[in-house]
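Now for the letters of each chain:
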Amino acid sequence: MNPILEIKNLKTRFFTTDGVVKAVNDVSYSMEDDEILGVVGESGCGKSVHALSIMQLVPDPPGKITNGEIFFEGRDLLKLSEKEMRTVRGRDIAMIFQDPMTSLNPVFTVGFQLVEALRLHNDITKGDARKRAGELLSLVGIPGAENRLNDYPHQFSGGMRQRAMIAMGLSCEPKLLIADEPTTALDVTIQAQIIDLVKRLQDELGMAIMWITHDLGVVAEMADHINVMYAGSIIETGKVRDIYKNTKHPYTMGLLGSLPRLNDPPGVELISIPGLPPDLIALPKACTFAARCSYRNEKCLAERPPLEKTEGSDHAVACWRWEEIAGTK
Amino acid sequence: MSRYIIRRIFSVIPTLIGVTFVIFMFQRLIPGDPAIAMLGEHATDESVERLREQFGLNRPLFLDRDALAEGDINGFFDSQYIRYMNRLFKLDMGESIHRRIPVTETLALRFPATIELSLLSMFIAIIIGIPVGIVSAAKRNTAIDGISMVGSLVGVSMPIFWLGLMEIMLFAVMLQWLPAGGRFSTGIEIKSFTNLYLVDSLLTGNLEGFKDAFQHIILPAIALATIPMGIIARMTRSSMLDVLQEDYVRTARAKGLGQSLVLFRHALKNAALPVVTIIGLQMGTLLAGAVLTETIFSWPGIGRWVYDAILGRDYPIVQGGTLVIALVFVGVNFLVDIAYALLDPRIRYD
Amino acid sequence: MAEIIPEEITITDFAVREHRSLWGDAWRRLISSNTARLGMFIVALFVLSATFAHYFWEYEPKKDLDYSLKLKPPTLVANEEVPSVHIFGTDKLGRDIFRRVVHGGWNSLRVGIVAVGISLFFGGLIGLFSGFYENINMTFMERLFLFGLTGLMMGVLAAWIAAQPFQTFLLAGLGVAAAYFDDFYKGKPLRMVIFAIAGAVIITIPALFVGSTVALICGGWGLITGALLSRPLEGRFFSNVMMRLMDIVLSFPGYLLAIAIVAFLGPGLEKGMIAIGIVGIPVYARLTRSAVLAVTQKEYILAAQSVGEAHGRIIFRHVTPNILSPVIVQTTMGLANAILSAAALGFLGLGAIPPEPEWGAMLGDSYRYLTSGAWWAVLFPGLAIMFSVLGFNLLGDGLRDALDPKLRT
């Protein structure tokens, strides 16, 4: 299998009046062409910004990709011109966003917005595009799809809007779908429906999916691989099983510890991680998690650990003491 | 949509009544007797009394309770205000005290002059202001943005009567390119149906007349346009900036749309709402600014006419002119509300 | 392998920025903007020169006259023809334009402060209360007050028609009763019928002593009043009435209303200030109201209500500080507008009375000499107006960027 996406040393910075925000720091990983990759982390850890960097949609100013390579099917996206990049967006890589309430343009009908996407990348007539738009809406499970093409977004419910967004994302059958917290703004029941929908669509259409979330529960259900991000860097990556059963990084442990489980005996306290993530303007030289880590020692405070392979072939962790910590468990 | 329009019409009615009420009150609250003002200081008591009778000035302002006490219900409502409203419905605004010409007659001549000037100014303000605002927003924080925003702020801060004077000095006195005042030169004839000379001369194919009328209107129009231009440019910029950071603009970009489609299709239609509102409100600035520009450029519109009437205490003119300006303003803002509904489906389907 | 005991950690937070106050932050942003600094500089220059000139540079406009120096162009050094230096030239009465421009600043400053003060005070209060009660239910006492006052005002007409002053209190009483018996047939049509009839009866009976027609008209008015008072009038009613009034004032475009007011009050700088102030009231009322509406939907207002804080305290302790940013911006820009309007009035001869040095009036005095080439008499007062207005606008603009966290990048 070939990697569809390979990112090397990606750095994204925001140049603000308060200082340079180091939002993405040396992120490298690759993704297979049929896998579902979960990207997990707290808000502000750089997971969304790194996805926007792939699409080159980081708001500029103040944001800039300062370093790195993003290979998509062997081509470095960062070397493409804006015009070439436009043909990649929507056609090869599609992206759906967190808030379906604000992600659709309120002054155009849902049909118009779907047809626009279709006609942008395919040479088809308006009539065909409309027909296809109707089919797409039924595909994502909107009842009476044909009639709803003339509706405006405000006439849709939140769940339906997210379905319409997904339909728009899938309209040109992209090879990679980036879903940026697509269920965070929705009710729990709707969340489950959307997740099922995406899993079904992946089976049917066969594409790679990058699922960005702060909810470990969601990715455990659907992802093949997981990247855990903290303060702009990947601090642990591996197969879902490894991340959950063989957790190496104290931060991931903390994240999992703060997740309630049904089979916990009553009275078990959830573990919370003390403190706050570091200020991305003034990142310490130390391990970015050291300030909140109960395992830290002198070395942790002096030097930042690299992402290091563990015994498992693709399980890697960025911690100086992961072996010692594993020994104590 | 039609329900929305009907609701808007009903909400305009109390405002209109209030406007007529305020204007009525203005005339009655001024010190001095209008009848004496009309006849002069030396009029006899009888003739003053006769005139008061004739104009209904001997009636009470709003309601006649003495008539009611005598059992006369019709007399109770027969007041100056009711008569005034009655006449207004018949489009009768009285006649000028000094000239004895019906106010509506002069209005029909002078109102088009003001409207022509205001509309041309608004046109200039829009065709310059909106593109400048869009470019500034698209090139945010660049030199172009900085220059056009400080420039438009200078426009907003401009005393238009002073700008008009400077224009006259430069273009009429020093360079002698353009005339300093009036609507057309002597010797030029424009057949007029509507008193909008630019329109009429074009319709009759009178190019010479059009050129002359245009040369006369351009200086006052530019002077009048500066403030709305600055305000429209600034509003367009800030509204575009707001919209450009919306999620749906990011969605549009993620689809692969290019910058121009994102700007002009997805962003502009959303950003237009506050801009349309401000254009409606700026119509007021133009109509009020007409008092100043028309004075400087000897433009025979209602602004200067009302101003002369204020100085000459010719109240029917003040009343009529102010009422018409206020009515136009209310009307324009009513149209703005309708435009709002056309632009935004959330209002249309409400 | 060394044993690791998870230690109790103290949060070292070595990467957290120093704490800054909200206003300190805004100030820092303000002075980091070039345009805002320029605005501050112009405003400071304008305020200081006007104030110093007023207190330390004597000027008596009534005695300033020298026909030998009539309309002399600007000079930087004295010469034979013009023995004194006039860097801005002289006007038609031979007065030094520089001196009058500097002194004119004091008048503009006064107009700005007084006019904006009037607009801000009345407009702010109207906006504050109508915005607050638009969303927040009135307390029992407040409702008693609102209904009583409504009845009282309606009663004035009935009392005047029947020439029986006590009728005012009858309807006021009816209003208080309507508020007191709030639950009486609440939401049912019967409530309106009962109150309308009650209103008609209490007004008709005393009016019968005056005459039957009087009683008829008064009774009709009582009927209407009773029906109105039977409605659940809430803050929304008050807010609507206020905003309609503001709409009416706003229907007179720009300073046309100011011109009209001055035309009827008579010319004079003081009257101009009042007129400009009145015209500005609706602008501030609307702005304040919409800001208050946004604030009252915030959770902290709900929190304050839920711990039982009095409405007055919520309005002044919780709402007011949170609407200050837009009001400060509007006030700064309002100063610019007031100066511009005052100059327009002065130009039309409706503002300051000559020979008082006022920029607009100076322009109005001199523009007839423009054709004879005396450009300096028009240029400098105009520049003074433009720059002072521009200064306040630049400052206001900078303040908006500094105070509006939404635009932070």
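Let us look at the structure shown here.

How each quantity is defined
- Residues numbered from 1 in each chain as written.
- Chains lettered and ligands numbered in written order.
- Predicted model: local features only at pLDDT ≥ 70, side-chain atom pairs only at ≥ 80, totals over all residues.
- Contact = placed C-beta atoms within 7 Å.
- Helix = DSSP H or I, 4+ residues; strand = E, 2+ residues; numbered from the N terminus.
- Nonpolar A, V, L, I, M, F, W, Y, C, P; charged D, E, K, R; others polar.
- Pairing = 2+ DSSP bridges.
- Axes fitted to C-alpha atoms, helices over the stretch in contact; angles between N-to-C directions.
- Parallel < 35°, antiparallel > 145°, perpendicular 65-115°, else oblique.
- Left-handed = near helix turned anticlockwise from the far one by under 90°.

A word on the interface of chain B and chain C
At step 1: On the chain C side, the residues contacting the 41 residues of chain B number 41 residues.
At step 2: Those elements that provide at least two residues to the side of chain B that touches chain C are helix 1 (2-29), helix 4 (65-69), helix 5 (73-77), helix 8 (143-156), helix 9 (160-174), helix 13 (259-296), helix 14 (302-311) and helix 15 (315-343) of chain B.
At step 3: Here the residues of the side of chain B that touches chain C sort into 32 nonpolar, eight polar and one charged.

Concerning the sheet that holds strand 2 (residues 19-32) of chain A
Backbone-to-backbone hydrogen bonds join strands into a sheet, with any given pair of strands oriented parallel or antiparallel.
Residues and elements named next belong to chain A.
At step 1: As summarised here, the arrangement of the four strands in space is 2-1-4-5, forming an open sheet in which the pairing is antiparallel. With one partner strand each, in any of the chains shown, strand 2 and strand 5 (75-76) form the two edges of the open sheet.
At step 2: Relative to strand 2, strand 1 (residues 3-16) runs antiparallel, the two being bridged by 10 bridges. Looking across to strand 2, one finds that Thr 16 is bridged to Gly 19.

Digging into the sheet that holds strand 3 (residues 36-40) of chain A
Residues and elements named next belong to chain A.
At step 1: Ordered in space as 6-7-8-3-9-10-12-11, the eight strands form an open sheet in which the pairing is mixed. With partners counted over all chains shown, the strands left at the sheet margins are strand 6 (93-96) and strand 11 (308-309), one partner each.
At step 2: Direction of pairing for strand 3 relative to strand 9 (residues 225-230): parallel, over a ladder of four bridges. Its bridge partner being in strand 9, Val 39 is matched across the sheet by Asn 227.

As for the interface of chain B and chain A
At step 1: The interface of chain B with chain A comprises 20 residues on the first partner and 22 residues on the second.
At step 2: Looking at the side of chain B that touches chain A, the elements that each hand over two or more residues are helix 12 (247-255), helix 13 and helix 16 (345-348) of chain B.
At step 3: The element contributing the most residues to the side of chain B that touches chain A is helix 12 of chain B, with eight residues.
At step 4: Residue composition of the side of chain B that touches chain A, grouped by class: six nonpolar, six polar and eight charged.

Side note on the packing of helix 4 (residues 140-162) of chain C against helix 5 (residues 167-180) of chain C
Residue and element names in this part refer to chain C.
At step 1: Closest axis-to-axis distance for the helix 4/helix 5 pair is 6 Å, and the angle between their directions is 155°. Judged by the inter-axis angle, helix 4 sits roughly antiparallel to helix 5. Seen along the crossing, helix 4 lies across helix 5 with a hand that is right-handed.
At step 2: Taken together, the residues of the contact of helix 4 with helix 5 sort by class into 16 nonpolar, seven polar and one charged.

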